[in-house]
Amino acid sequence: MDFDFVTKKMQDTHFHQNLEIVYVLDGEMEIQIETESYHMEKGDYLLINANKRHSYKKTSGELLVASFWINYSMLSEYLETNQLLFWCNTVADKSDEYEQLKKVLDQILNHFYDKEKEGALYLSSIYYEALYLLSSYFMIKSDDSRLKSLGQRENSRVFEIQNYVQSNYTKQISLNDLAKKLYLSNAYLSKYIKKNFGLSFLEYVNNIRLFHAVDELLYSEKRITRIALDNGFATTASFNKAFKDSYNMTPSVYRTTVRQESKAVESGDESKQQISQRVKEYLSGVTATPDEGSTKNLDEVTIDARKTTPLSRTWDEIINIGKIDELLDRTMQEHILILKQEIGFRYVRVWNIFIKEMYEEIDGAWHYNFSRVDRGLDFLVKNGFKPYIELSFKPLDVSFSLNSTLSERENDIIFHDRNSYQKIMNDFAAHLTNRYGIDEIESWYFELWKDDRMNMQDEKGWYFDCFEIGYQALKRVSEKMKVGGAGFALGYDRYQYNKLIQNWKMQNVRPDFISVYSFSYLLIQQDGVYFGKRSLDNGFVKNQLELFRKVLQEEDFMPEELHITEWNFTISSRNCINDSCAQGAYIMKTCIDSVENGVSKMGYWHGSDLHSEYFDSEFVLCGDNGLLSREGVKKPSFYAFHFMHFMKDRLLTKTEHALLTTDGRNNYTIACHNCKQFNYRYMMKEENDVSVEDLEEIYEDLDAIHLRFKIGHVENGEYLMRIYYVNRENGSVQDIWKDMQYLKNLSGGESDYMQRAATPKVELRQIKVEDGVLHVETKLKAHEIRMLDIHYLY
């Protein structure tokens, strides 16, 4: 790895084998990579993959760019793969890992003249840190799935071609050789390569050969004839022609020109000093992070108890339960009541309201029997819940991971035309009004998800017809009815955001609220090919929501309310992390991040393991993402919400690890967590293959953290602090089951024991305040969650 600085106003289209990170230190520029264009401002950076044609031009200010070069051959050899592909672009993406990498790049820049002796050794250590972050968080690995199965085959073929050429460019290879290897005709393969690489086969091979030849031209004294033959060119003439086509000069002229320019740059001390000064000016605004072992896990916060703001609680608004029929199950009802009593969820989100067994269509007459819907909604209303009704036909699959399922059960759309849907929606709106009254249903929410079968990508797609029909049917009853959609998948739908919203803007009605889903997956596009990739970003919800809000602002389509109706780090119902303490810490972190994020409501995915009960779920735990197990045992994820339920109404502050609240009457509640970051090992396993034993290996560290809070201007006197916490030694059902050797069939007594054991540990402390400052300290193990409840003793 190496780096240098660029101040040129523009760079013509070119390509190279080495990876390049372009980091704008000053000014603004427009960079073109293949067909994609990005506007980069000060502080932006992106990675250009191997052999991608790119160019740039300055658009504002005096441009200063740091260019980091990564040797493709050495990195691919080190990682033991020729399939190096990265997605790293701060213009189009956002995650906490970008800040980590940026700090390392800034460290490198801080030592940009320390390239000799001891300085070179230190720089090399920072280079390796940068490469570790790139390969861990930004590399598209071989097990990342493509959006479509067709795409998977196409992707595999592209890599086969790349690998073949990389391995054989020094030999005399032909299109016919490759076609035989791939069992394809010459004509088809020729068109395929042109379409996917933007080059003919010979142009692509010569591009790889030229990359290696240029290195030898500049850094060796070999004769040009020898360089040509060593890199696969049949003759010096063919080398000269290919070189001139790409560089607009012969190899000999290029060698002479570049070496002369290098000497001129080396002698240009004044220019070098100017660049040095500009780099220092950029870095002067960058805060260095101290790396002191004694304090690196210490978090100290000082706050004034008099300075508070209202606490916006969005995390406990919605809980996802499942299809409407689930509300008829007695055990599920018991689970839902527990969720209300101990967490305080207000809305229960249900879907698949309409099923074919209750629908009749004969000779243009349509009828729907709402009796099952009534029994489900009656239960919610009777027990003080508000229904949050999803009107679409949600999948019935039990998910292993993003692109694999335990079962594939079709859920057909039962309405076949506009008239039938309009009739049933009008009947549904009237039925709800007559049964529950206008005042009641005005407080409900009605959502329509953008099922792919409804084709929201077309401005005349059926989604907009269905949305308008439902909207008008409900608004006919009352204008105060709340109707919205469309379940945009944060990070995964990002290439469609603008198009879908533009299509919606062209319709007759606008949604009262916009809904999004947040599961930690990204869709990445390279040369028109789409990859589905798991994200390791702990702040995925926060960061991706910010990007989505920017699009809404750009399109002037900001709604009155923005809802996250489904969120979790995974969509998998068979991932053991769902049952672990790590999930509890992740939930508490996400809830704290949600404070003051502009979202009106959030809906955790989901409430109970009963939701995905199937033939393989007979064990005590099966990796489902319910807060309660099938038997009603409370998981660490449940206690994360339970602890958050006790937050007071006034916000003091929030930090990376804690939320501090007060009631303004000398009582304080603090929620805190030690959420850990996934490492690259998590990406190497299928989600349903992660085992409990793997949990110690798939995180960056398992260090404890030490938190200190100093709350000033409090009443002097005695305080009682109750400490509630869950970690692997206390209250974790997964670890309790582990101690039982994961037995499948537990007796009634054993199940009762597990219920009792899976509860938080409680400790009491007395604190005396004499100087108006309340000092609170606590330590948390990896993945631990805590709630500190502090009361003044009168």
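As the structure is a prediction and not an experimental result, all values here were calculated from the model.

Reading the values: the criteria
- Residues numbered from 1 in each chain as written.
- Predicted model: local features only at pLDDT ≥ 70, side-chain atom pairs only at ≥ 80, totals over all residues.
- Heavy atoms only, no water.
- Helix = DSSP H or I, 4+ residues; strand = E, 2+ residues; numbered from the N terminus.
- Buried < 20%, exposed > 50% of the residue type's maximum accessible area, 1.4 Å probe, protein only.
- Contact = heavy atoms within 4.5 Å.
- Areas by Shrake-Rupley, 256 points an atom, 1.4 Å probe, with all protein chains shown as cover.
- Lys, Arg positive; Asp, Glu negative; His and termini not counted.
- Charge placed at Lys NZ, Arg CZ, Asp CG, Glu CD.
- Phe/Tyr/Trp six-rings, centres within 6.5 Å; stacked < 30°, edge-to-face > 60°.
- Pairing = 2+ DSSP bridges.
- Axes fitted to C-alpha atoms, helices over the stretch in contact; angles between N-to-C directions.
- Expected span 1.5 Å × (residues − 1).
- Salt bridge = Lys/Arg side-chain N within 4 Å of Asp/Glu carboxyl O.
- pLDDT = per-residue confidence, 0-100.
- Nonpolar A, V, L, I, M, F, W, Y, C, P; charged D, E, K, R; others polar.
- Polar contact = N/O pair within 3.5 Å; in protein donor to acceptor, adjacent residues only side chain to side chain.
- Core = buried A, V, L, I, M, F, W, Y, C linked by side-chain atoms within 4.5 Å.
- Parallel < 35°, antiparallel > 145°, perpendicular 65-115°, else oblique.
- Left-handed = near helix turned anticlockwise from the far one by under 90°.

Draft legend 1. Spotlight on the overall build of the protein. Of the regular secondary structure elements, the protein holds 23 helices and 31 strands. Considered along the principal axes of its C-alpha atoms, the protein spans approximately 90 × 85 × 55 Å. Counting across all 794 residues of the protein, residues that qualify as buried make up 56%. Long-range contacts, defined as pairs at least 24 residues apart, comprise 76% of the intrachain contacts of the protein with a sequence gap of at least 6. Accessible surface for the protein amounts to roughly 35500 Å². Of this, 47% is attributable to carbon and sulfur atoms. The centroid of the 96 positive side-chain charges in the protein is displaced by 2 Å from the centroid of its 121 negative side-chain charges.

Draft legend 2. Spotlight on the packing of aromatic side chains. This model, assessed by the stated rule, comprises 55 aromatic pairs. Ring geometry for F239 and F243: centres 5.9 Å apart, planes at 75 degrees, overall edge-to-face. In this pair, F239 and F243 are both assigned in helix α9 (residues 236–247), four residues apart and thus about one turn of the helix distant. By relative accessible area, which is 0% here, F239 ends up buried. Using a relative accessible area of 0% as the deciding quantity, one classes F243 as buried. Ring centres of F678 and Y682 lie 4.1 Å apart, and the angle between their planes is 10 degrees; on these two criteria the pair is classed as stacked.

Draft legend 3. Structural context of the sheet that holds strand β10 (residues 318–323). Here eight strands make up a closed barrel; going around it, the order is β10-β11-β14-β17-β18-β19-β22-β23 and the pairing parallel. Here the average twist between neighbouring strands, direction ignored, is 30 degrees. Here strand β14 (residues 386–390) pairs with strand β17 (residues 445–449) via three bridges, running parallel. Bridge pairing links E390 to E447 in β17.

Draft legend 4. Structural context of the sheet that holds strand β8 (residues 298–304). Spatially, the three strands line up as an open sheet ordered β8-β27-β30, and their pairing is mixed. Of all strands in the sheet, those bounded by a partner on one side alone are β8 and β30 (773–780). Taken pair by pair, the neighbouring strands of this sheet meet at an average axis angle of 15 degrees, ignoring direction. As defined by bridge partners, β8 adjoins strand β27 (residues 705–712) across seven bridges and the pair is classed as parallel. Within β27, the residue paired with E300 across the bridge is R708.

Draft legend 5. Spatial organisation of helix α16 (residues 462–477). Spanning 16 residues, α16 covers 23 Å between terminal C-alpha atoms, matching the ideal 22 Å at 1.5 Å per step. Regarding α16, the residues found buried are Y463, F464, C466, F467, E468, I469, G470, Y471, A473, L474 and K475. Elements that come into contact with the buried residues of α16 comprise α14 (418–436), β17, β18 (482–489) and α17 (497–505).

Draft legend 6. Summary view of the pattern of salt bridges. This structure, assessed with the given rule, holds 46 salt bridges. The closest approach of N and O atoms between E546 and K94, which form a salt bridge, is 3.8 Å. Linking E546 in helix α18 (residues 540–554) with K94 in the loop between α1 (72–78) and α2 (96–110), this pair joins segments that are 452 residues apart in sequence. Judged by its relative accessible area of 34%, E546 falls in the partly exposed class. One salt bridge connects K676 with D701, and the closest N-O pair in it is separated by 2.7 Å. Separated by 25 residues along the polypeptide, K676 in the loop between β26 (668–673) and α21 (680–683) and D701 in the loop between α21 and β27 bring together distant segments of the chain. By relative accessible area, D701 is classed as partly exposed at 29%.

Draft legend 7. Spotlight on the confidence of the model for the protein. Taken residue by residue, the protein gives an average pLDDT of 88. The fraction at 70 or more is 93%. Long-range and interchain partners of residues 142–153, a stretch whose pLDDT sits below 50, account for 28 contacts in this model, where long-range means more than four residues apart. This stretch, residues 287–295, has a pLDDT under 50; its non-local contacts, to residues over four places away or in other chains, come to one contact.

Draft legend 8. Fine view of the packing of helix α12 (residues 330–342) against helix α20 (residues 636–645). Viewed as axis vectors pointing N to C, α12 and α20 meet at an angle of 35 degrees, and their least axial separation amounts to 9 Å. Within the contact between the two elements, α12 uses I338, L339 and E342 and α20 uses F638, H642 and H645. Partitioning the contact of α12 with α20 into residue classes produces three nonpolar, two polar and one charged.

Draft legend 9. Looking closely at helix α19 (residues 581–594). Its 14 residues give α19 an end-to-end C-alpha distance of 20 Å, which sits within 8% of 20 Å, the value for a rise of 1.5 Å per residue. The opening residue of α19, the one whose side-chain oxygen lies 3.2 Å from the backbone nitrogen of A582, is S580. Where α19 ends, the next residue or the one after it, E596, has phi of about 65 degrees, a positive value.

Draft legend 10. Highlighting the environment of L63. Of note, L63 is situated in strand β6 (residues 54–70). Along the backbone, L63 and F3 are 60 residues apart, and their C-alpha atoms lie at a distance of 16 Å. Discounting residues that sit within four places of it in the chain, L63 has contacts with V6, T7, K8, V24, D26, G27, E28, M29, Y56, K58 and R278.

Draft legend 11. Structural view of the nonpolar core. Counting residues in each nonpolar core, the largest one holds 173 residues, and the members touching the most others are F354 and F428. Other than its neighbours up to four places away in sequence, F428 contacts I353, F354, F370, V373, I389, L391 and F446. In terms of nonpolar packing, the next biggest core, distinct from the first, is built from 26 residues, I303, I670, M721 and V776 among them.

Draft legend 12. Focus on the environment of I319. When you line up the elements, I319 lands in strand β10. Measuring from C-alpha to C-alpha, the distance between I319 and D329 comes to 17 Å, with 10 residues separating the pair along the chain. Among all residues touching I319, those that are not within four sequence positions of it are L339, F345, Y347, V348, R349, Y604, H606, G607 and L627.

Draft legend 13. The side chain of E784, seen in detail. For E784, the position within the fold is in the loop between β30 and β31 (785–792). A polar atom in the side chain of E784 sits 3.1 Å from the side chain of N727. Reaching out from E784, the side chain makes a polar contact with the backbone nitrogen of K781 at a distance of 3.0 Å. The residues touching E784, leaving out its near neighbours within four places in the chain, are A585, C672, H673, N674, Y725, V726, N727 and K779.

Draft legend 14. Inspection of the side chain of H212 at higher detail. Summarising the element assignment, H212 is placed in helix α7 (residues 201–219). Residue class for H212 comes out buried when judged on its relative accessible area of 14%. Within polar-contact distance, the side chain of H212 engages the side chain of Y169 at 3.3 Å. Ignoring sequence-local partners within four residues, the contact set of H212 consists of S73, Q166, Y169 and N231.

Draft legend 15. Structural detail: the pairing of strand β20 (residues 521–526). Of all six residues that make up β20, six are buried, and the element is covered over most of its length. Burial of the side chains of β20 extends over both faces: Y521, L523 and Q525 are buried on one face and L522, I524 and Q526 on the other. Strand direction decides the pairing type here: β20 and strand β21 (residues 529–534), joined by six bridges, are antiparallel. Across the sheet, residue L523 finds its bridge partner in β21, namely G532.

Draft legend 16. Geometry of the environment of Q525. Its place among the elements puts Q525 in strand β20. Counting along the chain gives 489 residues from Q525 to E36, while the straight-line C-alpha distance between them is 10.0 Å. For Q525, the residues in contact, after removing those within four places along its chain, are E36, W87, Y495 and Y530.

Draft legend 17. Representation of the packing of helix α13 (residues 371–382) against α14 in the model. Taken N-terminus to C-terminus, the directions of α13 and α14 make an angle of 45 degrees; their axes are 12 Å apart at the nearest point. The orientation of α13 relative to α14 falls into the category oblique. Seen from above, α13 lies across α14 with right-handed handedness. Side by side, α13 and α14 meet where V373, D374, L377, D378 and V381 of the first sit next to F428, H431, L432, R435 and Y436 of the second. Of the residues contributing to the contact of α13 with α14, the split by class is six nonpolar, one polar and three charged.

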